[in-house]
Amino acid sequence: MSFNLLKGKRGIIFGALNDASIAWKVAERVVEEGAQIVLTNTAVACRMGTIDELAKKTNATIIPADATSIEDLTALFEKAQEAMGGKIDFVLHSCAMSVNMRKKRTYDDLDYSYLSKTLDISAISFHKMLQVAKKLDALNDNASVLALTYVASHRTFFGYNDMADAKSLLESIARSFGYIYGREKGVRINTISQSPTFTTAGSGIKGFDGLYDFSDRMSPLGNASADECADYCVVMFSDLTKKVTMQTLFHDGGFSSMGMSLRGMTQYNKSFIDENRDETGKIIYG
Ligand code: NAI
């Protein structure tokens, strides 16, 4: 159902790789609400993914950009304004990648050049896009900028590795830049802390199936889906949330306020295993 909440607005959506991507669902929803959009991803992702299909469906222009490159981001914000005929009203940052996770390096055995990459792609890119947008004066007054985060930024989750540090930094950038951009242009900057969601990035997390199930059992409303996340993004991009800024907004079915649920306890009681030992009794670390 459409409420025309974004009628006449122009947006840039980063990070739609395939139809499982959260950004993909957001792109579809914002267009349904009347927005015009530009889609962006790395040149490789644009070639390998199915972004063309999404562009057709949403009548969007695709402008490839590496979110860590100032040059690419500058060209993106300039071309996006040309393509849509004016300044930008909303931006979604939906980019993340950990080479340490991909290479199965545990948190106590990080490769620091990989860590720099994780932080650059998953967090500092958010600062870069905000700084580029501000220098070009590419955003309209009261524009709304969102990035997607995860609760592991606040509390430790097994297997989330260096991405937890990236998410903490991402949320901090939203606060620090939110102050400056809010003060000067009324621009709102927030992060949405989403439930575990089956996507390419999500499935790269160690033990993701278990994490998804645990989170679902712990949340009174159950896990929030990618479609529901897209609904929330629409509200945050709309004029109905003009005074919400610098927040980490939990969109997680209540997970972040829970300690233990009946469904969680019931499952836990089913087996008492020593999670620090494998089936032979040998101590394992992770
Ligand atoms: P996804 O794999 O569909 O999206 C990640 C995107 O990041 C891809 O499109 C990829 O091409 C892009 N990307 C990687 N390096 C880039 C670069 N240098 N420049 C520009 N783009 C780059 O997965 P998903 O889950 O939709 O991820 C979107 C965001 O949601 C990420 O920030 C992720 O951490 C966050 N998130 C995901 C959750 C999940 O369980 N899937 C839960 C909470 C947050």
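Keep in mind that what you see is a predicted model, and the values were worked out from it rather than measured.

## Points about the site of the ligand
Logical step 1: Close to the ligand lie 27 residues, the nearest being Ser21, Asn41, Lys167, Thr197 and Thr199.
Logical step 2: A distance of 3.0 Å is found between a nitrogen atom of the ligand and a side-chain nitrogen or oxygen belonging to Asp66.
Logical step 3: Backbone polar atom of Ala96 to an oxygen atom of the ligand: 3.4 Å apart, as the coordinates give it.
Logical step 4: A total of 820 Å² of accessible area belongs to the ligand in isolation, and the protein chains cover 93% of it.
Logical step 5: More than half of the atoms belonging to the ligand lie within 2 Å of the grid points that define the largest pocket.
Logical step 6: The class makeup of the residues in the shell around the ligand is 13 nonpolar, 12 polar and two charged.

## Considering the packing of helix H6 (residues 112-136) against helix H7 (residues 163-185)
Logical step 1: Packing of H6 against H7 leaves a shortest axis separation of 8 Å and a crossing angle of 10°. When the axes of H6 and H7 are compared, the pair comes out roughly parallel. Together, Thr118, Leu119, Ser122, Ala123, Ile124, Phe126, His127, Leu130, Gln131, Ala133 and Lys134 of H6 and Met163, Asp165, Ala166, Leu169, Leu170, Ile173, Ala174, Phe177, Ile180, Tyr181 and Glu184 of H7 make up the contact between the two elements.
Logical step 2: For the contact of H6 with H7, the per-class residue count stands at 15 nonpolar, four polar and three charged.

## Re the packing of aromatic side chains
Logical step 1: For the structure shown, the criterion picks out nine aromatic pairs.
Logical step 2: Measuring from ring centre to ring centre gives 5.0 Å for Tyr150 and Tyr160, while their planes differ by 45°; the resulting arrangement is tilted. Here Tyr150 is found in the loop between strand S5 (139-149) and H7, whereas its partner Tyr160 is found in the loop between S5 and H7, with 10 residues between them in sequence.
Logical step 3: Given a relative accessible area of 7%, Tyr150 falls into the buried group.

## So, the environment of Ile180
Logical step 1: When you line up the elements, Ile180 lands in helix H7.
Logical step 2: Each C-alpha atom of the pair Ile180 and Pro64 lies 28 Å from the other, and the pair is 116 residues apart in sequence.

Thresholds applied
- Residues numbered from 1 in each chain as written.
- Predicted model: local features only at pLDDT ≥ 70, side-chain atom pairs only at ≥ 80, totals over all residues.
- Heavy atoms only, no water.
- Near = heavy atom within 4 Å.
- Polar contact = N/O pair within 3.5 Å; in protein donor to acceptor, adjacent residues only side chain to side chain.
- Areas by Shrake-Rupley, 256 points an atom, 1.4 Å probe, with all protein chains shown as cover.
- 1 Å grid on protein atoms, 1.4 Å probe; cavity = no way out; pocket = protein on both sides within 12 Å on 5 of 7 lines; lining within 4 Å.
- Sits in = over half its atoms within 2 Å of the grid points.
- Nonpolar A, V, L, I, M, F, W, Y, C, P; charged D, E, K, R; others polar.
- Axes fitted to C-alpha atoms, helices over the stretch in contact; angles between N-to-C directions.
- Helix = DSSP H or I, 4+ residues; strand = E, 2+ residues; numbered from the N terminus.
- Parallel < 35°, antiparallel > 145°, perpendicular 65-115°, else oblique.
- Contact = heavy atoms within 4.5 Å.
- Phe/Tyr/Trp six-rings, centres within 6.5 Å; stacked < 30°, edge-to-face > 60°.
- Buried < 20%, exposed > 50% of the residue type's maximum accessible area, 1.4 Å probe, protein only.

The quantities given are spatial measurements derived from coordinates; they are silent on function.
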